[in-house]
Amino acid sequence: QVQFRESGGGLVQPGGSLRLSCAASGFSFSFATMGWYRQAPGEQRELVATVTRFSGLINIDSVKGRFTTSRDDVKRTVYLQMNSLKPEDTAVYYCNRLRDGSPVYSWGQGTQVTVSS
């Protein structure tokens, strides 16, 4: 059974940092391209970052230079380091496996990120 367990979210002031983690199980992780998504209230879920076996790509211009990705194949975990956070980064953040640029499996619970003073 495929599962994603996102963690690391919370309430942070503007300019602060958070590191999100997504632990995955139920598929061959080390060969998988993974994606970080976010969904703000009233908005559609959007792809924030893509993490291949060898590199990470930030897909949203507004977070380039502030967000970075990494992965640990031994721990079957991908990470999203978020710096210089802004109120518009407030959303529930999810991860999923990607295939041809689209999510493959059902979503996990996500982790809430709230940026507010």
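Basis of the calculations
- Residues numbered from 1 in each chain as written.
- Predicted model: local features only at pLDDT ≥ 70, side-chain atom pairs only at ≥ 80, totals over all residues.
- Heavy atoms only, no water.
- Buried < 20%, exposed > 50% of the residue type's maximum accessible area, 1.4 Å probe, protein only.
- Helix = DSSP H or I, 4+ residues; strand = E, 2+ residues; numbered from the N terminus.
- Pairing = 2+ DSSP bridges.
- Contact = heavy atoms within 4.5 Å.
- Axes fitted to C-alpha atoms, helices over the stretch in contact; angles between N-to-C directions.
- Core = buried A, V, L, I, M, F, W, Y, C linked by side-chain atoms within 4.5 Å.
- Phe/Tyr/Trp six-rings, centres within 6.5 Å; stacked < 30°, edge-to-face > 60°.

A. Layout of the pairing of strand S4 (residues 33-39). Burial within S4 is extensive, with 5 of its 7 residues counted as buried. In this structure, S4 lies alongside strand S9 (residues 91-99), joined through 7 bridges in antiparallel fashion. Residue pairing in the sheet places Met 34 in a bridge with Arg 97 of S9. As paired elements, S4 and strand S5 (residues 46-51) share 5 bridges and run antiparallel to each other.

B. A look at the side chain of Ser 21. For Ser 21, the location among the structural elements is in strand S3 (residues 18-25). Residues in contact with Ser 21, not counting those within four places in the same chain, are Arg 5, Glu 6, Ser 7, Trp 36, Thr 77, Val 78 and Tyr 79.

C. Structural context of the sheet that holds strand S8 (residues 77-82). In spatial order, the strands read S1-S3-S8-S7; together these 4 strands make up an open sheet with antiparallel pairing. Sheet topology places strand S1 (3-7) and strand S7 (67-72) at the edges, where each strand pairs with a single neighbour. Strand-to-strand twist in this sheet, taken as the mean axis angle between neighbours without regard to direction, amounts to 15 degrees.

D. The environment of Arg 53, seen in detail. Summarising the element assignment, Arg 53 is placed in the loop between S5 and strand S6 (56-58). Along the primary structure Arg 53 and Lys 64 are separated by 11 residues, whereas in three dimensions their C-alpha atoms are 20 Å apart. Apart from the residues lying within four places of it in its own chain, the contact partners of Arg 53 are Ser 30, Phe 31 and Arg 71.

E. Representation of the nonpolar core. The biggest cluster of nonpolar side chains holds 27 residues, and the ones touching the most others in it are Met 34, Trp 36, Val 48, Phe 67, Leu 80, Met 82 and Tyr 93. Looking at this core element by element, the count peaks at 4 residues for S3. When neighbours within four sequence positions are excluded, Tyr 93 is seen to be in contact with Glu 6, Leu 20, Trp 36, Tyr 37, Arg 38, Val 48, Phe 67, Leu 80, Met 82, Gly 110, Thr 111 and Val 113.

F. Quick peek at the packing of aromatic side chains. Under the counting rule described, the total for this entry stands at 6 aromatic pairs. Considering the side-chain rings of Tyr 37 and Trp 107, the 4.9 Å spacing of their centres and the 80 degrees angle between planes classify their relative orientation as edge-to-face. Residue Tyr 37 is found in strand S4, and its partner Trp 107 is found in the loop between strand S10 (102-103) and strand S11 (111-115); the two are separated by 70 residues along the sequence. Take Tyr 37: its relative accessible area is 7%, and that puts it in the buried class. Relative accessible area serves as the criterion here: at 30%, Trp 107 is assigned to the partly exposed category. Ring pairs connect the aromatic residues Phe 4, Phe 27, Phe 29 and Tyr 105, which therefore count as one cluster.

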